[in-house]
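Here is how the chains run, residue by residue.
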Amino acid sequence: MTDTAQNSPFTKVNRKAFKHSHLIGIETLSADEINIILDLADYYADRLDDRNFKPGILDNQIVLTLFFENSTRTRTSFEMAAKRLGADVVNLDMATSSTSKGESLLDTIQTMESMLRPDAIVVRHSEYGAPQFISTIVKCPVINAGDSWHEHPTQALLDALTIRRRLGKIEGLNIAICGDIAHSRVAASNMMLLTKLGAHVRIIAPSALMPEKFPVGGIESFDNMQEGLEGCDIVMMLRNQLERMQAGLISSEQEFFEEYGLTKEKLSYAKDNALVMHPGPINRGVEIADDIADHKERSLILEQVRNGVPTRMAIMDILMKERA
């Protein structure tokens, strides 16, 4: 099958309904704008295995990826998404860049923009608000691939796509997010997105890993897996963000696993057909047991990884297409 840009369902959608030049976070998106992304991502997901599907809508465009934090999965997913749409990708290794020699973020961005004239910049940074700052000084779309514990919007979008493709809906579902909530940008973005689409979101965490406040209202919180998982359709586990937390918040990984690690017994507290998610990387035996992570029917973890590419294709299509 050969497809063209004219076949994209996005040509049938009112582009003016998506009012943003950048994708900085879920917070500023409406439910309609989220669904615009998910509908187009669904279209791309259906064609992901078709090697002849080469829409070429971003031919001759350049995507610059700036990862100030390591992330093989996310970076590769963005690169594959850009290439599937025909764009050229420039990956800048920030570990060996001039920022390691003391160059400011402002100077780095201005230098790269002058040198490459990118049509989009994908950025991951340890500083809260770095993608927003970059968006104010460049002339192209900026896509947030994760900033500090603030937001990780594309992860939340691919999670929503995964749920929707498996269950056909998000509205009305009971979804538990479990683990290190306080330091997780994935949790923050998912809380906002899932509630905007009508899900009932619960948070399960020990008090030391529970945030002082949630980014949206209507979130239920629990410090007990049995109580928190009761009646849940989706159980989303999170990695402990050891690089962001103070020492001593977790007494030991073994103790954490016994209390909050997802096992067959703990999953039985949820609905009989409850599905399991995890944004990765997985720490087996810490937040999830092997037999749950690898469960063929109930684990959506590999589907999440797969859906990262079509989700990011949709985002680039929406933000960059008019620049072609």
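From a predicted model like this one, the values you see are computed outputs, not experimental measurements.

Visitor: Honestly, the packing of aromatic side chains in this entry has me stumped. Any pointers?
Guide: When we look at a pair of aromatic rings, we describe it by the centre distance and by the angle of the planes. Inspection of every chain in the model, using the stated rule, returns four aromatic pairs. With a centroid separation of 5.7 Å and 35° between ring planes, the pair formed by Phe256 and Tyr260 is classed as tilted. Taken together, the positions of Phe256 and Tyr260, both in helix α8 (residues 253–260) and four residues apart, correspond to about one turn of that helix. This pair shows no difference in class: Phe256 is buried, exactly as Tyr260 is. Every member of this aromatic cluster is reached through a ring pair, and the members are Tyr43, Tyr44 and Phe53. In this structure, Lys266 is placed above the aromatic ring of Phe257, and the distance from its NZ or CZ to the ring centre is 5.9 Å.

Visitor: Explain the sheet that holds strand β3 (residues 120–125) here, please?
Guide: Paired through their backbone hydrogen bonds, the strands of a sheet run either parallel or antiparallel. The strand order β2-β1-β3-β4 describes an open sheet built from four strands, whose pairing is parallel. In this open sheet, the two edge strands, each paired with only one partner strand, are β2 (88–93) and β4 (142–147). Neighbour-to-neighbour, the strand axes of this sheet turn through a mean angle of 15°, independent of strand direction. Most of the contacts of helix α2 (residues 72–84) go to β2, to which it runs at about 160°, and overall it touches β1 (62–67), β2, β3 and β4.

Visitor: How do you make sense of unusual backbone geometry when you look at a structure like this?
Guide: With the exception of glycine, most residues fall at negative phi, and the peptide bonds are largely trans. Backbone torsion omega between Gly280 and Pro281 reads -5°, so that peptide bond is classified as cis. Along the chain, the position of Pro281 falls in the loop between β9 (275–277) and α10 (290–293). One non-glycine residue with positive phi stands out, namely Arg117, at about 50°. Checked against the element boundaries, Arg117 lands in the loop between α3 (105–116) and β3. By relative accessible area, which is 58% here, Arg117 ends up exposed. In this structure, Ser148 takes a positive phi of about 45° despite not being glycine. Locating Ser148 in the fold gives a position in the loop between β4 and α5 (153–167).

Visitor: Help me out: how do you make sense of helix α1 (residues 31–46) in this one?
Guide: Along an α-helix, a turn takes 3.6 residues, which lines up residues three or four apart on a common side. Taking 1.5 Å of rise per residue, the 16 residues of α1 would be expected to cover 22 Å, and the 22 Å separating its terminal C-alpha atoms lies within 8% of that figure. Buried residues along α1 sit in contact with α5, α6 (185–196) and α11 (301–320).

Visitor: In this structure, what is going on with the pairing of β2? I would like to understand it.
Guide: A regular strand places its side chains so that they alternate between the two faces of the sheet. Pairing analysis gives six bridges linking β1 to β2, with the strands arranged parallel. What sits directly across from Val63, in β2, is Val89. Assessed by its sense of winding, the connection that carries the chain from β1 through α2 to β2 is right-handed.

Visitor: Help me understand the side chain of Asp147 in this model?
Guide: Within the secondary structure, Asp147 is located in strand β4. Arg185 is the oppositely charged side chain nearest to the buried, salt-bridge-free Asp147, at an N-O distance of 6.2 Å. Beyond its immediate chain neighbours, meaning those up to four positions away, Asp147 contacts His125, Glu127, Tyr128, Gly129, Ala130, Pro131 and Arg185.

Thresholds applied
- Residues numbered from 1 in each chain as written.
- Predicted model: local features only at pLDDT ≥ 70, side-chain atom pairs only at ≥ 80, totals over all residues.
- Heavy atoms only, no water.
- Phe/Tyr/Trp six-rings, centres within 6.5 Å; stacked < 30°, edge-to-face > 60°.
- Helix = DSSP H or I, 4+ residues; strand = E, 2+ residues; numbered from the N terminus.
- Buried < 20%, exposed > 50% of the residue type's maximum accessible area, 1.4 Å probe, protein only.
- Lys NZ or Arg CZ within 6 Å of the ring centre and 35° of its normal.
- Pairing = 2+ DSSP bridges.
- Axes fitted to C-alpha atoms, helices over the stretch in contact; angles between N-to-C directions.
- Contact = heavy atoms within 4.5 Å.
- Expected span 1.5 Å × (residues − 1).
- Right-handed = clockwise from strand over helix to strand, strands pointing away.
- Lys, Arg positive; Asp, Glu negative; His and termini not counted.
- Salt bridge = Lys/Arg side-chain N within 4 Å of Asp/Glu carboxyl O.

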